[in-house]
Amino acid sequence: AVVSTQSTGRLPVQLASDIQANKVMSLLEQQCKVFCACLTYPNVMPRNHYDQLDELFISHLLTAIEAEEQPYDPENLIPNLFLKCILSLNIHYKDLRNNKVCNVLKSRSHATVLSETLLVSFNRAENLTSYFPESEDGVRKLMEDLFGSPDTAELFFTNDVKVLLEVLHRNIIDRGEGDTDRVYFMRLLDLVVANTEYEDHTHYKYEIYHLLKQVSEEESDDRESMSEASRILRKHQILAT
C-alpha cells in the first residue's frame with residue numbers, strides 16, 4: 001500500500017530530478033532502485049507524470065548509458081541502472097505512437113550500449129523490472145516496442161538481428177502447446193522480419209519457415225499459436241522462397 005501511494009504521488013518525479021543531478025554513486029543506486037520500484041508497481045501512472053518524466057529526462061538517461069565511463073562511476077554501473085529506469089518507464093506506454101521512450105530513440109543515430117545490453121538480457125531471459133510478482137517484463141516490452149517500427153529497429157546492428165532470430169527460433173521450440181510465451185516470441189519474430197532489412201540476408205530462413213509450418217499444422221487446442229504461425233507465413237512469403 002505504501003509503494004502504491006508513493007508511485008502515484010510526487011516521489012517518482014522528484015527522484016527523476018535527483019537522478020539527473022546526482023553524482024554520488026551510492027545515493028544514485030538507491031534513487032534508481034526506488035524510482036524503478038515505484039514505476040513497476042502495477043498501478044496506472046498519473047497523467048501529469050507523463051508530462052514531467054519527459055523527453056529531457058529520457059534523453060539524459062540514454063546519453064548517460066551511451067557515454068564513456070564517468071570518473072564518479074568507476075565500476076560503470078550507470079548503463080545498467082539507467083537501463084532499468086528506461087524499462088520501468090516504458091512499461092507505462094501502451095500506444096507506440098505516443099511512446100516517448102521510442103520517440104526519443106528514433107531521433108538518435110545510435111544506441112549501441114542500450115541495444116546490446118537489452119539483447120543480452122533478452123537472451124538470458126532476465127526480467128530487469130521484476131520488483132514485484134505482478135511487475136511486467138520490461139525487457140520483453142521494450143524489445144517488442146523497438147522492433148515495432150523500422151525507425152527504432154535500425155538501432156540494432158545486422159549481426160545482433162541475426163543473433164536475435166536464432167534466440168527467437170530456440171525459444172519458440174522450447175515452448176510447448178498452450179504456452180503464451182510461444183505466441184509472444186512468434187509475434188516478436190514477425191516484427192523483426194517486417195521492420196528490419198531481413199530480405200538482405202534472410203538469416204535462418206529455412207529453420208524459421210519449417211518451425212512455423214510445424215506449429216501451424218499442429219493437431220492441438222492451441223489455436224492461438226497455430227493462427228499466429230499461419231499469419232506470419234502468409235504475411236512473409238520470403239520465408240517460403
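Since this is a predicted model, take the numbers as computed values, not measurements. (Residues numbered from 1 in each chain as written. Predicted model: local features only at pLDDT ≥ 70, side-chain atom pairs only at ≥ 80, totals over all residues. Heavy atoms only, no water.)

Visitor: Honestly, the overall build of the protein chain in this entry has me stumped. Any pointers?
Guide: Within the protein chain, the secondary structure is distributed over 14 helices and zero strands. For the protein chain, the succession of helices and strands along the chain, N to C, is α-α-α-α-α-α-α-α-α-α-α-α-α-α. The globule rule puts the C-alpha radius of gyration for 241 residues at 18 Å, and the 19 Å found for the protein chain is close to it. Seen through its principal axes, the protein chain has C-alpha atoms that stretch 55 × 40 × 30 Å. Relative to its full complement of 241 residues, the protein chain shows a buried share of 48%. Within the protein chain, contacts between residues at least 6 apart in sequence are counted, and of these 72% link residues at least 24 apart. When the accessible surface of the protein chain is summed, it comes to about 12000 Å², and 48% of that surface belongs to carbon and sulfur atoms. Both charge centroids of the protein chain, one from 24 positive and one from 38 negative side chains, sit 4 Å from each other. (Helix = DSSP H or I, 4+ residues; strand = E, 2+ residues; numbered from the N terminus. Rg over C-alpha atoms; globule rule 2.2 N^0.38 Å. Buried < 20%, exposed > 50% of the residue type's maximum accessible area, 1.4 Å probe, protein only. Contact = heavy atoms within 4.5 Å. Areas by Shrake-Rupley, 256 points an atom, 1.4 Å probe, with all protein chains shown as cover. Lys, Arg positive; Asp, Glu negative; His and termini not counted. Charge placed at Lys NZ, Arg CZ, Asp CG, Glu CD.)

Visitor: Can you help me understand a negative patch on the surface in this one?
Guide: The grouping of Asp151, Glu154, Glu197, Glu199 and Asp200 at the surface amounts to a negative patch. Tracing the chain through its elements places Asp151 in helix H10 (residues 150–153). (Patch = residues over 30% accessible without salt bridge, like charges linked within 9 Å, V, L, I, M, F, W, Y side chains within 5 Å. Salt bridge = Lys/Arg side-chain N within 4 Å of Asp/Glu carboxyl O.)

Visitor: Where do I start with the pattern of salt bridges in this structure?
Guide: Any two side chains of opposite charge can pair, on the condition that their charged atoms come close. The full count for this structure, using the stated rule, is 13 salt bridges. Two residues, Asp222 and Arg182, come together in a salt bridge whose shortest N-O distance is 2.8 Å. Taken as a pair, Asp222 in the loop between helix H13 (205–216) and helix H14 (223–235) and Arg182 in helix H12 (residues 180–195) lie far apart in primary sequence, 40 residues in all. By relative accessible area, Asp222 is classed as buried at 10%. A residue is classified by how much of its surface remains accessible, and Arg182, at 3% relative accessible area, is buried. Taking the shortest distance from any N to any O, the salt bridge between Arg231 and Glu228 comes out at 2.6 Å. One end of the pair is Arg231 and the other is Glu228, both in helix H14 and three residues apart, which spans about a single turn. A relative accessible area of 28% means that Arg231 is categorised as partly exposed. Among the charged side chains, a salt-bridge network with shared partners connects Asp190, Glu228, Arg231 and Lys235.

Visitor: So what exactly am I meant to see when it comes to the packing of aromatic side chains here?
Guide: Aromatic ring pairs are defined here through the distance separating the ring centres and the angle between the ring planes. The final tally for this structure, using the stated rule, is six aromatic pairs. Ring geometry for Tyr50 and Tyr93: centres 5.4 Å apart, planes at 70°, overall edge-to-face. Residue Tyr50 is found in helix H4 (residues 47–52), and its partner Tyr93 is found in the loop between helix H6 (78–90) and helix H7 (100–106); the two are separated by 43 residues along the sequence. One aromatic cluster is present, built from ring pairs that chain together Phe122, Tyr184 and Phe185. (Phe/Tyr/Trp six-rings, centres within 6.5 Å; stacked < 30°, edge-to-face > 60°.)

Visitor: So what exactly am I meant to see when it comes to the environment of Leu77 here?
Guide: Structurally, Leu77 can be placed in the loop between helix H5 (55–66) and H6. The class for Leu77 is partly exposed, based on a relative accessible area of 27%. Separated by 48 residues in sequence, Leu77 and Glu29 have C-alpha atoms that sit 8.5 Å apart.

Visitor: Got a minute to help me understand the packing of H5 against helix H8 (residues 112–123) in this structure?
Guide: Packed helices, taken two at a time, are described by the angle their axes make and the gap between the axes. Axis separation between H5 and H8 bottoms out at 7 Å; the angle between their running directions is 80°. The orientation of H5 with respect to H8, classified from their angle, is roughly perpendicular. On the side of H5, the interface is formed by Leu62, Ile65 and Glu66, while H8 contributes Thr112, Val113 and Leu114. Partitioning the contact of H5 with H8 into residue classes produces four nonpolar, one polar and one charged. (Axes fitted to C-alpha atoms, helices over the stretch in contact; angles between N-to-C directions. Parallel < 35°, antiparallel > 145°, perpendicular 65-115°, else oblique. Nonpolar A, V, L, I, M, F, W, Y, C, P; charged D, E, K, R; others polar.)

Visitor: Is there a simple way to explain the state of the cysteines in this structure?
Guide: Think of a disulfide as a covalent bridge from one cysteine sulfur atom to another cysteine sulfur atom. Evaluation of the coordinates by the stated rule reveals zero disulfides. Not part of a disulfide, Cys38 finds its nearest cysteine sulfur in Cys36, a span of 9.3 Å. Look at Cys38 and you get buried, because its relative accessible area is 5%. (Disulfide = S-S within 2.5 Å.)

Visitor: Would you explain the nonpolar core in this entry?
Guide: For soluble globular proteins, nonpolar side chains are generally found buried alongside one another. Core analysis: the biggest nonpolar cluster contains 66 residues, and Phe35, Phe82, Phe122, Met143, Phe147 and Leu212 have the highest contact counts within it. Beyond its immediate chain neighbours, meaning those up to four positions away, Leu212 contacts Met186, Leu189, Ala229, Ile232, Leu233 and Leu239. (Core = buried A, V, L, I, M, F, W, Y, C linked by side-chain atoms within 4.5 Å.)

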